[in-house]
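Residues per chain, in single letters:
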Amino acid sequence: MPIDAPRVRLGHLPTPIQELPRLARRLGGPRLLVKRDDLTGLATGGNKTRKLEYLMADALQQDARTVITAGAAQSNHARQTAAAAARCGLRCVLVLSPRAPAAPNGNLLIDRLVGARIRWSGDRDPYTVMQEVAEEERSAGRRPYLIPVGGSNAIGATAYVAAMHEALEQLAALGVEADRIVFASGSGGTHAGLAVGARSAGYTGEVVAVSVARPRDELAHTVASIAELTAAFVGLDVRVGPDDLTILDDYLGEGYGILGPPEREAIRLAAECEGLLLDPVYTGRAMAALVDRIAGGDYGPEETVLFWHTGGTAALFAYATELLSP
Ligand SMILES: *Cc1c(COP(=O)(O)O)cnc(C)c1O
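Computed from a predicted structure; not experimentally measured.

Analysis parameters
- The residue numbers shown here count from 1 along each chain, following its written sequence.
- In keeping with the predicted nature of the model, local features appear solely for residues at pLDDT of at least 70, side-chain atom pairs appear and are counted solely at 80 or more, and the whole-chain, interface and lining totals rest on all residues.
- The basis for every side-chain value is the complete set of heavy atoms in the structure, and neither hydrogens nor water enter the calculation.
- By definition, any uninterrupted DSSP run of H or I lasting at least four residues is a helix, any uninterrupted run of E lasting at least two residues is a strand, and each is numbered from the N terminus.
- As defined in this context, the radius of gyration uses C-alpha atoms, and a globule is described by 2.2 Å times the residue total to the power 0.38.
- For every residue, the accessible area (1.4 Å probe, protein chains only) is compared with the maximum for its type, and the residue is labelled buried under 20%, exposed over 50%, or partly exposed between those bounds.
- What makes two residues a contact is simply this: any of their non-hydrogen atoms within 4.5 Å.
- Residues scored as charged are limited to Lys and Arg (positive) and Asp and Glu (negative), so that His and the chain ends carry no count.
- Working definition for charges: the position is that of NZ of Lys, CZ of Arg, CG of Asp or CD of Glu.
- Neighbouring residues are identified by heavy atoms, a residue being near a molecule or strand if any of them is within 4 Å of it.
- Polar contacts, as used here, are pairs of N or O atoms within 3.5 Å; protein pairs need one atom able to donate a hydrogen and one able to accept it. Residues neighboring in sequence count only if both atoms are side-chain atoms.
- Values of accessible area rely on a 1.4 Å probe in the Shrake-Rupley scheme; residue burial ignores everything except the protein chains shown.
- Convention adopted: a line fitted to C-alpha atoms gives each axis, helices being fitted over their contacting stretch, and angles between N-to-C directions are expressed from 0 to 180 degrees.
- Angular relationships are summarised with four words: roughly parallel below 35 degrees, roughly antiparallel beyond 145, roughly perpendicular across 65 to 115, and oblique for the angles in between.
- By convention, the crossing between two helices is left-handed when the near helix turns anticlockwise from the far helix through less than a right angle, and right-handed when the turn is clockwise.
- In this count, Pro and Cys sit with the nonpolar residues alongside Ala, Val, Leu, Ile, Met, Phe, Trp and Tyr, while Asp, Glu, Lys and Arg are called charged and the others, Gly among them, polar.
- Note on definitions: salt bridges are taken to be side-chain nitrogens of Lys or Arg within 4 Å of carboxyl oxygens of Asp or Glu.
- Between any two strands, pairing holds if DSSP finds at least two bridges.

**Quick notes on the overall build of the protein chain**
Piece 1. Helices and strands together make up the secondary structure of the protein chain, namely eleven helices and ten strands.
Piece 2. For 326 residues, the compact-globule formula gives about 20 Å, and the C-alpha radius of gyration of the protein chain, at 19 Å, lands near that figure.
Piece 3. Along the longest, intermediate and shortest principal axes, the C-alpha atoms of the protein chain span 60 × 50 × 35 Å.
Piece 4. Buried positions account for 58% of the 326 residues belonging to the protein chain.
Piece 5. By sequence separation, contacts in the protein chain at least 24 residues apart represent 78% of the contacts at least 6 residues apart.
Piece 6. One way to put it: in the protein chain the 32 positive side-chain charges average out to a point 7 Å from where the 38 negative ones average out.

Here it is, written out as structure tokens:
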């Protein structure tokens with residue numbers, strides 16, 4: 001489905017869909033496939049690269065000189081934004097939370113390599129700090145462009161409307177009918193786009209978001225409101241309400257970004273069975289949820305599940321100790 005919105009090319013698209021036969025056999029459940037959005041290819045890739053194709057186009061159209069966004073110290077979104085800004089010849093300021101770690105590693109190392117300026121928010125609200133940075137840039141004569149956390153607004157989520165159509169066309173070409181599509185959800189833009197894309201394409205399977213940070217109802221309202229704005233932005237007459245969304249919030253563990261035994265086990269399984277690298281914060285948790293659903297008999301052997309890999313592998317290096325502890 002062609003989407004009529006300005007876009008700059010940043011990713012290698014379409015990303016491949018691959019079978020995971022050894023993992024499927026090990027889990028004794030459904031046929032498993034993976035959509036490789038970890039291979040979008042911008043400074044190690046991930047789902048934000050797709051969103052940034054539309055966000056950067058908007059920034060350039062508005063004659064922005066500096067892109068500003070916020071995230072955690074190991075934010076994949078911040079890293080991809082910094083790399084996208086470099087590609088587009090824009091300055092980038094990242095407002096990261098809370099404080100600088102002893103050594104820059106993983107995403108933070110890449111932020112530095114691609115030339116982003118980093119402002120630590122400490123205990124302050126990152127949005128307030130972003131506004132301050134924007135004011136500083138304005139006084140210096142550089143027009144700022146603010147991207148919300150995760151790039152999750154209508155412009156960013158538009159990329160996942162297109163991505164859903166891309167995946168469904170690939171599945172059709174492979175002759176595969178996916179009963180479910182499972183992925184990790186944080187700030188909600190990916191889910192909003194996938195939900196609008198699924199609805200507009202007439203997909204009848206289940207789109208299953210695994211929340212990595214927030215309780216179901218809270219995330220559902222966020223996703224529904226982004227979905228409404230996204231549908232309007234791309235001119236689709238589609239409505240997705242909070243009750244239309246499937247969100248699993250049973251896998252929050254000790255909280256956002258805290259690696260527990262289920263994530264560690266899921267990351268090892270994917271790596272050992274398929275040579276597939278997941279990430280400690282998002283896809284490790286989503287895979288842990290999938291493993292648990294299969295073990296509990298919720299997803300049976302007669303089904304086909306597409307696991308949407310949203311990237312984040314650069315963060316693995318910042319979690320080396322936790323990943324290798326017994
Ligand atoms: C940001 C991110 C997500 C979640 O996407 P949202 O649009 O924020 O919900 C999932 N996986 C990875 C690796 C991410 O970096």
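**Re the site of the ligand**
Piece 1. Lys48, Lys51, Ser187, Thr190 and Thr310 are the nearest of the 16 residues found near the ligand.
Piece 2. One nitrogen or oxygen atom from the side chain of lysine 48 is found 2.9 Å from an oxygen atom belonging to the ligand.
Piece 3. Here threonine 310 contributes a side-chain N or O atom positioned 2.6 Å from a nitrogen atom of the ligand.
Piece 4. Against a free-state accessible area of 380 Å², the protein chains account for coverage of 98% of the ligand.
Piece 5. Looking at the shell around the ligand, the elements that each hand over two or more residues are helix 2 (47-61), strand 7 (180-185) and helix 7 (189-201).
Piece 6. With three residues, the single largest contributor to the shell around the ligand is helix 2.

**As for the packing of helix 2 against helix 3 (residues 76-88)**
Piece 1. Where helix 2 meets helix 3, the closest approach of the two axes is 10 Å, and the angle between their N-to-C directions is 45°. Classed by the angle they form, the pair helix 2 and helix 3 counts as oblique. The handedness of the crossing between helix 2 and helix 3 is right-handed. Residues Asn47, Lys48, Thr49, Leu52, Met56 and Leu60 of helix 2 pack against Asn76, His77, Gln80, Thr81, Ala84, Ala85 and Cys88 of helix 3.
Piece 2. A breakdown of the residues in the contact of helix 2 with helix 3 according to their chemical character gives six nonpolar, six polar and one charged.

**Section: the pattern of salt bridges**
Side-chain pairing between opposite charges can occur once the charged atoms of the two side chains come close.
Piece 1. Per the stated rule, a full pass over the model turns up 20 salt bridges.
Piece 2. Note that lysine 35 is salt-bridged to glutamate 166, the shortest N-O span being 2.6 Å. One end of the pair, lysine 35, is in strand 2 (residues 31-36); the other, glutamate 166, is in helix 6 (residues 154-174), with 131 residues separating them in the sequence. No difference in accessibility class separates lysine 35 from glutamate 166, as the two residues are buried.
Piece 3. What emerges from the salt-bridge pattern is a single network uniting Lys35, Asp37, Arg50 and Glu166.

**A closer look at the packing of helix 6 against helix 8 (residues 216-234)**
Piece 1. For the pair helix 6 and helix 8, interaxial distance at closest approach is 9 Å and the crossing angle is 80°. As summarised for this structure, helix 6 and helix 8 are arranged roughly perpendicular, according to the angle between their axes. Contact residues: Ala154, Ile155, Ala157, Thr158 and Val161 in helix 6; Ile226, Leu229, Thr230, Phe233 and Val234 in helix 8.
Piece 2. Of the residues that constitute the contact of helix 6 with helix 8, the class distribution is eight nonpolar, two polar and no charged.

**So, the sheet that holds strand 5 (residues 117-120)**
Piece 1. Sheet architecture is open: four strands sit in the order 5-4-3-6, paired in parallel fashion. Only two strands of the sheet have a single neighbouring strand rather than two, namely strand 5 and strand 6 (144-146). Taking each pair of neighbouring strands and ignoring which way they run, the sheet shows an average axis angle of 25°.
Piece 2. Sheet topology places strand 3 (residues 66-72) next to strand 4 (residues 91-97); seven bridges connect them, and they run parallel.

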